[in-house]
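Geometric and topological summary
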Amino acid sequence: VQLVESGGGLVQPGGSLRLSCAASGFTFSRYAMRWYRQAPGKEREMVAAMRSAGGGTNYADSVKGRFTISRDNAKNTVYLQMNSLKPEDTAVYYCNTWYGGNDYWGQGTQVTVSS
């Protein structure tokens, strides 16, 4: 299993970014996918989750109405559209899935929200 995130960067408050996570090594459409983030000195927290094909979504209260998780099963990719970004959204963002009894993580992508 391999998860590779991309799309992070530096953005001003109020701006937008779209993160991507390319997955391989498992039948992507059958598994839930999640985005987590970890800010310096803080615990890793789940930001958004999406169940397998046709499934529902859920979000952390701190990002509801601003972030949207989506997936393209044909491309084995999950996305996180982040709008109205705030300085407190600054963190390393990780893609995650649970497969075969194991937790898998990407390497993370840095998102910095600053003027």
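Just above, that's the structure.
The model shown is predicted, which means the values in this text are computed figures rather than measured ones. (Residues numbered from 1 in each chain as written. Predicted model: local features only at pLDDT ≥ 70, side-chain atom pairs only at ≥ 80, totals over all residues. Heavy atoms only, no water.)

**What about the packing of aromatic side chains?**
Overall, the coordinates contain six aromatic pairs when judged by the stated rule. Here Phe 26 and Tyr 99 contribute two aromatic rings whose centre-to-centre distance is 5.5 Å and whose plane-to-plane angle is 40°, an arrangement assigned as tilted. With a gap of 73 residues between them, Phe 26 in the loop between β3 (17–24) and β4 (33–38) and Tyr 99 in strand β9 (residues 91–99) connect regions that are remote in the sequence. For Phe 26, a relative accessible area of 9% corresponds to the buried category. (Phe/Tyr/Trp six-rings, centres within 6.5 Å; stacked < 30°, edge-to-face > 60°. Helix = DSSP H or I, 4+ residues; strand = E, 2+ residues; numbered from the N terminus. Buried < 20%, exposed > 50% of the residue type's maximum accessible area, 1.4 Å probe, protein only.)

**Some thoughts on the side chain of Asp 89**
Structurally, Asp 89 is set in the loop between β8 (77–82) and β9. Overall, the relative accessible area of 1% leaves Asp 89 in the buried class.

**Side note on the pattern of salt bridges**
Overall, the coordinates contain four salt bridges when judged by the stated rule. Between Arg 37 and Glu 45 there is a salt bridge whose closest N-O contact spans 2.7 Å. Given a relative accessible area of 6%, Arg 37 falls into the buried group. A relative accessible area of 34% means that Glu 45 is categorised as partly exposed. The residue Asp 61 makes a salt bridge to Lys 64 at a minimum N-O spacing of 3.1 Å. (Salt bridge = Lys/Arg side-chain N within 4 Å of Asp/Glu carboxyl O.)

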